[in-house]
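# Architecture at a glance
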Amino acid sequence: MAMEKFNAAEAEDRLYKAWEAAGCFTAGANAKPGASSYCIMIPPPNVTGVLHMGHAFNNTLQDILVRWHRMRGFDTLWQPGQDHAGIATQLQVEKRLAEEQLPTRNQMGRKAFLEEVWAWKEEKGGTIISQLKRLGASADWERNAFTMDENFHDAVLKVFVDLYNKDLIYRGKRLVNWDPKLKTAISDLEVEQQTIPGSFWHFRYPLEDGVTLADGRDYIEVATTRPETMLADMAVAVHPTDERYKSVVGKHVILPITGRR
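Residues numbered from 1 in each chain as written. Predicted model: local features only at pLDDT ≥ 70, side-chain atom pairs only at ≥ 80, totals over all residues. Heavy atoms only, no water.

### Here's the deal with the overall build of the protein
The test is simple: Helix and strand assignments follow DSSP, with helices taken as H or I runs no shorter than four residues and strands as E runs no shorter than two, numbered in order from the N terminus. For the radius of gyration, the atoms used are the C-alpha atoms, and the globule rule reads 2.2 Å times the number of residues raised to 0.38. Any two residues whose heavy atoms approach within 4.5 Å are treated as being in contact. Accessibility throughout is a Shrake-Rupley quantity obtained with a 1.4 Å probe, and a residue counts as covered only by protein chains that appear here. Neither His nor the chain termini are counted; the positive set is Lys and Arg, and the negative set is Asp and Glu. Throughout, a charge is located at the NZ atom of Lys, the CZ atom of Arg, the CG atom of Asp or the CD atom of Glu.
Across its full length, the protein carries six helices and eight strands. Relative to the 2.2 N^0.38 estimate, which gives 18 Å for 261 residues, the radius of gyration of the protein is 30 Å and therefore markedly larger than a compact globule would have. Counting only C-alpha atoms, the protein reaches 100 × 55 × 50 Å along its principal axes. Counted over contacts in the protein with a minimum sequence separation of 6, partners at least 24 positions apart contribute 68%. As displayed, the protein offers around 19,100 Å² of accessible surface, 56% of which is attributable to carbon and sulfur atoms. Here the protein contributes 32 positive and 35 negative side-chain charges, whose respective centroids are spaced 2 Å apart.

### Describing unusual backbone geometry
Quick note on the threshold: Categorising residues by exposure relies on relative accessible area from a 1.4 Å probe, with only protein chains included: less than 20% of the type maximum marks a residue as buried, more than 50% marks it as exposed, and the intermediate range marks it as partly exposed.
Even without a glycine there, the phi angle at Gln101 is positive, about 55°. You can see Gln101 is positioned in the loop between helix H3 (86-99) and helix H4 (105-108). Accessibility expressed as a relative area gives 74% for Gln101, which makes it exposed. At Asp167, a position not held by glycine, the phi torsion is positive, near 60°. Mapped onto the elements of the fold, Asp167 is located in the loop between helix H6 (152-165) and strand S5 (177-179).

### Quick notes on the pairing of strand S1 (residues 37-41)
Worth spelling out the cut-off: Two strands qualify as a pair provided that DSSP identifies no fewer than 2 bridges between them. With the strands aimed away from the viewer, a crossover counts as right-handed if its path from the first strand over the helix to the second runs clockwise.
Residues Tyr38 and Ile40 point to one face of S1 and are all buried, whereas Ser37, Cys39 and Met41, pointing to the other face, are not buried. Bridge count for S1 against strand S2 (residues 75-79) is five bridges, and the pairing is parallel. Each bridged residue has a counterpart across the sheet, and for Cys39 the counterpart in S2 is Leu77. Crossover connection from S1 via helix H2 (residues 53-71) to parallel S2: handedness right-handed.

### Details of the confidence of the model for the protein
The predicted coordinates should not be examined in detail at positions where pLDDT is low. So the rule is basically this: As a per-residue measure, pLDDT tells how confident the predictor is, with possible values from 0 to 100.
Per-residue confidence for the protein gives a mean pLDDT of 88, with 99% of residues at or over 70. Within the protein, S2 carries the highest mean pLDDT (96), whereas strand S6 (residues 184-186) carries the lowest (81).

### Re the side chain of Asp63
Secondary-structure assignment places Asp63 in helix H2. On the accessibility criterion, Asp63 (10% relative accessible area) is buried.

### Some thoughts on the side chain of Lys124
In this structure, Lys124 sits in helix H5 (residues 110-135). The exposure class of Lys124 is buried, given its relative accessible area of 16%. Apart from the residues lying within four places of it in its own chain, the contact partners of Lys124 are Val47 and Gly49.

### So, the packing of aromatic side chains
Aromatic ring pairs are described here by two measures, namely the spacing of the ring centres and the angle between the planes. Selection criterion: Note on aromatic pairs: the rings of Phe, Tyr and Trp (six-membered ring only in Trp) are paired at centre separations within 6.5 Å, and the planes decide the class, stacked below 30 degrees, edge-to-face beyond 60, tilted for the rest. Geometrically, a lysine NZ or arginine CZ counts as sitting over a ring once it is within 6 Å of the ring centre and also within 35 degrees of the ring normal.
Summed over all chains, the structure comprises five aromatic pairs. When the ring of Tyr16 is compared with that of Phe25, the centres are 5.3 Å apart and the planes differ by 50°; the resulting orientation is tilted. The interplanar angle of 65° and the centroid separation of 6.1 Å between the aromatic rings of Trp19 and Phe25 together place this pair among those described as edge-to-face. Here the aromatic residues Tyr16, Trp19 and Phe25 are joined through ring pairs into a cluster of three or more. Cation over ring: Arg72 sits above Trp68, and NZ or CZ is 4.1 Å from the ring centre.

### Describing a nonpolar patch on the surface
Worth spelling out the cut-off: Within this analysis, patches are made of residues with over 30% relative accessible area and no salt bridge. Like charges are joined at 9 Å or less; nonpolar side chains (Val, Leu, Ile, Met, Phe, Trp, Tyr) at 5 Å or less. Here, a salt bridge means any side-chain nitrogen of Lys or Arg that lies within 4 Å of a carboxyl oxygen of Asp or Glu.
On the surface, a nonpolar cluster with roughly 320 Å² of combined accessible area is contributed by Phe57, Leu61 and Ile64. Topologically, Ile64 is positioned in helix H2. By relative accessible area, Ile64 is classed as exposed at 52%.

### Looking at H2
Because an α-helix packs 3.6 residues into every turn, residues spaced three or four apart end up facing the same way. Rules: Expected helix span is taken as 1.5 Å per residue step, with the number of steps being one fewer than the number of residues. Arc definition: directions from the helix axis to the C-beta atoms.
Look at H2: 27 Å from first C-alpha to last across 19 residues, which is about the 27 Å you get at 1.5 Å a residue. Buried within H2 are the following residues: His55, Ala56, Asn59, Gln62, Asp63, Val66, His69 and Arg70. With its buried residues spanning 160° around the axis, H2 presents them on a single face. Those residues of H2 that are exposed and aimed more than 90 degrees away from the buried face are Met53, Phe57, Ile64 and Met71. Buried residues in H2 make contact with S1, S2 and H5. Taken from the residues just after H2, Gly73 is the one with a positive phi, measuring 95°.

### Quick word on the pattern of salt bridges
Under the criterion given, the structure shown has 17 salt bridges. Across the pair Glu123 and Arg96 runs a salt bridge whose closest N-O atoms are separated by 2.9 Å. Remark: Arg96 occurs in helix H3 and Glu123 occurs in helix H5; sequence separation between them is 27 residues. Among the ionic pairs, Asp215 bridges to Arg217, the shortest N-O distance being 2.8 Å. One network of salt bridges, with partners in common, ties together Arg96, Glu123 and Lys124.

What follows is the structure in structure tokens.
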């Protein structure tokens, strides 16, 4: 008698539905009396599209830890959720509008565009949940959250303020990608990198009061690919033990073009 082939797709779907129906993934399931708590919050995937291999790998590791603690009787919660990723989602929605030759966000107005964004969220957010369930992720889906849900903003704000007050995080000064069209800063993921031919500029900074280098030169030459920054120069740095420049350490130079000392 020939044996039937194992149908993984049928078995996985059937077993997962049975686990859900039995409440196996609910917070506290199989917890022993007085058990210690164990909680993982899924780093919420953006509703900009579907999950990728990185999500599959990351969530598999979390699922292993959650199931292990649940089996040992911990009061376990795996908190699922999705992130709105405002600018990235806006870009994706605008791309779809362009592909379907629909009015732009400026043409349709704020209200109509927001409706398009929420429709995108419902579509992609539902796909993300379906993908995680297909992976067998044992998250407590009754607690699924979205970063634009009511009270979510207040909770996030409180945590960041608390962390700041405890000197655990800080706001750093750094270069940002400012988009003059969107009128906001965007992440590196939204930037299209382009390679363009550049130049190497050489500037001679005249030494003041007749001072010269060991080789007789009365200037220090500096090379740069960013000549525009030279206008804000406040000093020229040399290595203090470099014999070529020891005679001019602490001396003054003239800033080219401006003549500033």
